[in-house]
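Below are the chains, spelled out letter by letter.
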Amino acid sequence: MSSEGDNHRGGSVRSADAGEKRPLSSVSTRQRHIAQMARKYAASPLTTLSHHMDEAWMREAYRRVRRDSAPGVDGQSVADYGMNLEQNLRGLLERAKNGSYRAAPVKRAYIPKNETETRPIGIPTVENKVLERAVVMLLEPVYEIEFKDCSYGFRPKRSTHQALEAVRREAMAMGGGWVLDVDVRQYFDTIPHEQLREVLSRRIGDGVINRLIGKWLKAGVWESGTVTYPEAGTPQGGVISPMLSNIYLHEVMDRWFEEEIKPELKAQASLVRFADDFVVVCSERAEAETLLERIRTRFAGYGLTIHPEKTRIVDFRHPWKSGQKPQTFDFLGFTHYWGKTRKGGYAVKRKTQGKKFRAALQRVEQWCKSNRHRPLRDQHTQLCAKLQGHYAYYGIRGNYRALANFHHAVTRRWHYWLMRRSREGLNGARLWRTLGYFALSPPRIVHGHRPDQLQWSLLS
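Worth saying up front: this structure is predicted, and the values here are computed from it rather than measured.

Asker: Please clarify how the sheet that holds strand S2 (residues 118–123) should be interpreted in this entry.
Answerer: The pairing of strands in a sheet happens through backbone hydrogen bonds and is either parallel or antiparallel. Overall, mixed pairing links the 4 strands, which are arranged S2-S1-S4-S5 in an open sheet. Looking along the sheet, the strands with just one partner apiece sit at the ends: S2 and strand S5 (226–228). Averaged over all pairs of adjacent strands, the angle between their axes in this sheet comes to 40 degrees, without regard to strand direction. With 6 bridges connecting them, strand S1 (residues 106–112) and S2 associate as antiparallel partners. Of the residues in S2, the one forming a bridge with Ala 109 is Ile 121.

Encoded structure:
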């Protein structure tokens, strides 16, 4: 399967290195070049991207693979792969380009999703991780000029906290409104392969890249000694999965909303999306209801389902406009609500979502129970690290009370399980005095606002 001339979709197809004679030095330089070509030939698929994948490109891809990532079905760690790195990368690159590469099945594992459910993830082999990263490095400059500003998930220099601030900013600017809180049922597990590849072919015409993506989609899932071959979905956990899911939802939702729906609306509406989690803030209820039905129809046409029970329209109007207590909605682990300001007005505030708070506390308590016999100093170090990790995500302005409650609850549970250490001989008062030397990290706000982002209250 040639890397040139594949998947032509009418019109002229363009090479990502058209007119370039001299070799490009660094990965970042070549990525800028790819972006220039993608911008120049925005209406045509790029047909020769894979030639940028050389040994230097593969070394950079290996460097970006997490060293502590879990091994795949072959049991090989990243460190093991790196012991004979140059030969491994050279062989992988050759197989990827001549078509003899075979994608190993991903190993199925489960992580907690909430208090009652788990989320399946796939763990690729190390060479799959390296090659997936190399392909992502090719796709990023092409699609970063395509993606809309409303998309925040799995993109360079974008984060969950930027998405949260965007939701808050839009809700404040509209004086509240009607929020479409949309849940896509099992999104990563239901993406149709054929439709995904059709969407990809509109911008990617390189045969090597398309062949590799096809192999990853068909690689199968290994679980308990059995390999299954799902007909839809991209396994979460792989490097390529977030990129493919972003590309698909860009076509299904972002581009459609920004270019087709938004110009038709009579009132204000704003979309904020992080991966498969998104909300739409509308200033009018009628348009919110109409938009929800159109979203259901749109997603059904692309093989996706909007969850009928978890999707809802939230009355999030300003309290002075609605004349009643507004509803709340959850997004990216935070509950959004209208709260009083010090000056007596109202502002959109965020606090740790209840089920996220309980799940995090349950994990810490389980750790305290399992490690209660370890030296106090070791326990203190680990618990402080866990608290710092919690603050790093939930430490946003206005959420100090939830952080303080979490800190207090962790301290209490640590005390509870230390009291159950055998042969310790510590009573409660003595234990508390001892713990005074091992105070846990206090709550702190990590994500403040710049001066132009300070909360303000609506006066009318």
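Let's pick the thread back up.
Asker: Got a minute to help me understand the environment of His 193 in this structure?
Answerer: Along the polypeptide, His 193 turns up in helix H8 (residues 193–201). Residue class for His 193 comes out buried when judged on its relative accessible area of 10%. If near-sequence neighbours (up to four positions away) are discounted, His 193 is found in contact with Leu 217, Pro 230, Glu 231, Ala 232 and Gly 233.

Asker: Help me understand the nonpolar core, please; the structure alone is not making it clear to me.
Answerer: Counting 75 residues, the largest nonpolar core has Met 53, Val 130 and Phe 299 as its most contacted members. In this view, Val 130 contacts Met 58, Ala 61, Tyr 62, Val 65, Tyr 81, Leu 89 and Leu 92; residues no more than four positions away in its chain are not counted. By size, the runner-up hydrophobic cluster in this structure holds 47 residues, among which are Ala 171, Phe 274, Phe 334 and Trp 414.

Asker: For this particular structure, what's the right way to read the packing of aromatic side chains?
Answerer: The description of two aromatic rings rests on the distance between their centres and on the angle between their planes. If you walk through the whole model with that rule in mind, you get 14 aromatic pairs. Pairing Phe 357 with Phe 406 gives two aromatic rings, centres 5.6 Å apart and planes at 85 degrees, and the pair type is edge-to-face. You can see Phe 357 sitting in helix H13 (residues 354–370) and its partner Phe 406 sitting in helix H15 (residues 400–418), a full 49 residues away along the chain. Assigned by exposure class, Phe 357 and Phe 406 land together as buried. An aromatic cluster of at least three residues, connected via ring pairs, comprises Phe 316, Phe 329 and Trp 338. Geometry around Tyr 62 places Arg 67 over its ring, the cationic atom sitting 4.3 Å from the centre.

Asker: What is the right way to read the environment of Gln 324 from this model?
Answerer: In this fold, Gln 324 is placed in the loop between helix H12 (319–322) and strand S9 (329–331). Assessed through its relative accessible area of 46%, Gln 324 is described here as partly exposed. If we skip the residues at most four places from it in the chain, Gln 324 touches Asp 315, Arg 317 and Pro 319.

Asker: How should I be thinking about the pairing of strand S3 (residues 178–183) in this particular structure?
Answerer: The side chains of a regular strand alternate between both faces of the sheet. Counting buried positions along S3 gives 5 out of 6 residues, so the element sits mostly inside the fold. Here 6 bridges tie S3 to strand S7 (residues 277–282), and the two strands are oriented antiparallel to one another. Each bridged residue has a counterpart across the sheet, and for Trp 178 the counterpart in S7 is Cys 282. Relative to strand S8 (residues 312–315), S3 runs antiparallel, the two sharing 4 bridges. Paired with Asp 181 across the two strands is Arg 312, which belongs to S8.

Asker: What is the right way to look at the confidence of the model for the protein in this model?
Answerer: The predicted coordinates ought not to be read in detail in places where the model reports low pLDDT. The predicted model of the protein averages 88 in pLDDT, with 88% of residues at 70 or higher. Within the protein, helix H16 (residues 428–435) has the poorest average pLDDT of any element, 67, and S9 the best, 97. Confidence drops under pLDDT 50 across residues 1–24; counting only partners more than four residues distant or on other chains, this segment forms 52 contacts. Here residues 450–460 is modelled with pLDDT under 50, and outside its nearest four sequence neighbours on either side it reaches 26 contacts, counting other chains as well.

Asker: How do you make sense of the environment of Glu 198 when you look at a structure like this?
Answerer: Along the polypeptide, Glu 198 turns up in helix H8. Sequence separation between Glu 198 and Tyr 248 is 50 residues, and the spatial gap between their C-alpha atoms is 9.9 Å.

Asker: Would you mind going over the side chain of Lys 129 with me for this structure?
Answerer: By the element assignment, Lys 129 lies in helix H5 (residues 126–143). At 8.2 Å, Asp 74 is the nearest oppositely charged side chain to Lys 129, a buried residue that forms no salt bridge. At 2.5 Å, the side chain of Lys 129 and the backbone oxygen of Ala 70 are in polar contact. Setting aside residues no more than four positions away along its own chain, Lys 129 makes contact with Val 65, Ser 69, Ala 70, Ile 123, Pro 124 and Val 239.

Cut-off values and rules
Starting from 1, residues in each chain are numbered consecutively following that chain's sequence as written. Side-chain atom pairs in this predicted model are given and counted only at pLDDT of 80 or more, local residue features only at pLDDT of at least 70, and totals for whole chains, interfaces and linings cover all residues. The basis for every side-chain value is the complete set of heavy atoms in the structure, and neither hydrogens nor water enter the calculation. At least two bridges found by DSSP between two strands are what make those strands a pair. The helix and strand labels rest on DSSP assignments: H or I over at least four residues marks a helix, E over at least two residues marks a strand, and numbering proceeds from the N terminus. For helices, the fitted axis covers only the stretch in contact; all axes are lines through C-alpha atoms, and the angles between them, taken along N-to-C directions, range from 0 to 180 degrees. Categorising residues by exposure relies on relative accessible area from a 1.4 Å probe, with only protein chains included: less than 20% of the type maximum marks a residue as buried, more than 50% marks it as exposed, and the intermediate range marks it as partly exposed. Note on contacts: a residue pair qualifies if any of its non-hydrogen atoms lie within 4.5 Å across the two residues. The term nonpolar core refers to a set of buried residues drawn from Ala, Val, Leu, Ile, Met, Phe, Trp, Tyr and Cys, joined through side-chain atoms within 4.5 Å. In this scheme Phe, Tyr and Trp rings, the latter by its six-membered ring, pair at centre separations within 6.5 Å, and the angle between planes marks the pair as stacked below 30 degrees, edge-to-face above 60, and tilted otherwise. Any Lys NZ or Arg CZ found within 6 Å of a ring centre and within 35 degrees of that ring's normal is scored as a charge over the ring. pLDDT is a residue-level measure of predictor confidence that goes from 0 to 100. Residues scored as charged are limited to Lys and Arg (positive) and Asp and Glu (negative), so that His and the chain ends carry no count. Salt bridges, as used here, are contacts in which a Lys or Arg side-chain nitrogen is within 4 Å of a carboxyl oxygen on Asp or Glu. Polar contacts, as counted here, are pairs of nitrogen or oxygen atoms within 3.5 Å of one another; within protein the pair requires one atom able to donate a hydrogen and one able to accept it, and residues that are adjacent in sequence qualify only if both atoms are side-chain atoms.

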